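# Chains, contacts and geometry: an overview
These are the residues of each chain, in order.
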Amino acid sequence: MIQKRIAQWAVMAVAVPLAAAGARRLSHTLEARRGPSGATRMLTRGADLIRPQKAKRRRLF
């Protein structure tokens, strides 16, 4: 049971962010070559859905 939880954590901590980054990178590459299209917008939207860009932190000091 613990092994199953560790595997689930590994997927959420590693695989999901990598998939989002890959989709975002593919979208930027395709846009650079062919220009914006529906496919690139869907890739970017899907990457944002999986893992949104983190907001910049405000520093107090």
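Here we summarise the structure given alongside this text. The structure displayed is predicted, hence computed values, not measured ones.

### Digging into the pattern of salt bridges
A full pass over the atoms with the stated rule returns one salt bridge. Note that D48 is salt-bridged to R24, the shortest N-O span being 2.6 Å. With D48 in helix α2 (residues 38–50) and R24 in helix α1 (residues 2–34), the pair connects residues that are 24 residues apart, well separated along the chain. For R24, a relative accessible area of 16% translates into the label buried.

### Examining α1
Spanning 33 residues, α1 covers 47 Å between terminal C-alpha atoms, matching the ideal 48 Å at 1.5 Å per step. V11 marks where α1 bends most, by close to 30°. If you check which residues of α1 are buried, you get P17, A20, A23, R24 and S27. Looking at the buried residues of α1, the elements they touch are α2. G35, located one to two residues past α1, shows a positive phi value of around 90°.

### Let's talk about the packing of α1 against α2
One way to put it is that α1 packs onto α2 with a least axis distance of 8 Å and a crossing angle of 155°. Here α1 lies roughly antiparallel to α2, going by the angle between them. Read as a crossing pair, α1 and α2 show a hand that is left-handed. Residues V16, A20, A23, R24, L26, S27, L30 and E31 of α1 form the contact with α2, whose own contacting residues are T40, L43, T44, A47, D48 and I50. The residue makeup of the contact of α1 with α2, split by class, is eight nonpolar, three polar and three charged.

### Overview of the environment of A20
Position of A20 among the secondary structure elements: in helix α1. Owing to a relative accessible area of 1%, A20 belongs among the buried residues under this scheme. As for A20 and T44, which are separated by 24 residues in sequence, their C-alpha atoms are 8.7 Å apart. Excluding residues within four positions of it along the chain, A20 makes contact with A47, I50 and R51.

Conventions and cut-offs
Think of each chain on its own: its residues are numbered from 1, step by step along the sequence as written. Owing to the predicted nature of the model, reporting of local features is limited to residues with pLDDT of at least 70; listing and counting of side-chain atom pairs is limited to 80 or more, with chain, interface and lining totals taken over all residues. Computation of side-chain values: all heavy atoms of the structure, hydrogens and water removed. Basic side-chain nitrogens of Lys or Arg form a salt bridge, by our definition, when they fall within 4 Å of a carboxyl oxygen of Asp or Glu. Helix and strand assignments follow DSSP, with helices taken as H or I runs no shorter than four residues and strands as E runs no shorter than two, numbered in order from the N terminus. Note on classification: 1.4 Å probe, protein chains only; a residue is buried when its accessible area is under 20% of the maximum for its type, exposed when over 50%, partly exposed between these limits. How far a helix is expected to stretch is found by multiplying one less than its residue total by 1.5 Å. We define the bend at each residue as the angle formed by axes fitted to the 7 residues ending at it and the 7 residues starting at it. The contact rule is simple, with two residues in contact once any of their heavy atoms fall within 4.5 Å. Throughout, an axis means a line fitted to C-alpha atoms (over the contacting stretch in the case of helices), and angles, computed between N-to-C directions, take values from 0 to 180 degrees. Each angle receives one of four descriptions, namely roughly parallel if under 35 degrees, roughly antiparallel if over 145, roughly perpendicular if within 65 to 115, and oblique otherwise. By convention the crossing between two helices is left-handed if the near helix lies anticlockwise of the far one by an angle smaller than a right angle, and right-handed if it lies clockwise. In this classification, Asp, Glu, Lys and Arg are treated as charged, Ala, Val, Leu, Ile, Met, Phe, Trp, Tyr, Cys and Pro as nonpolar, and every other residue, Gly included, as polar.

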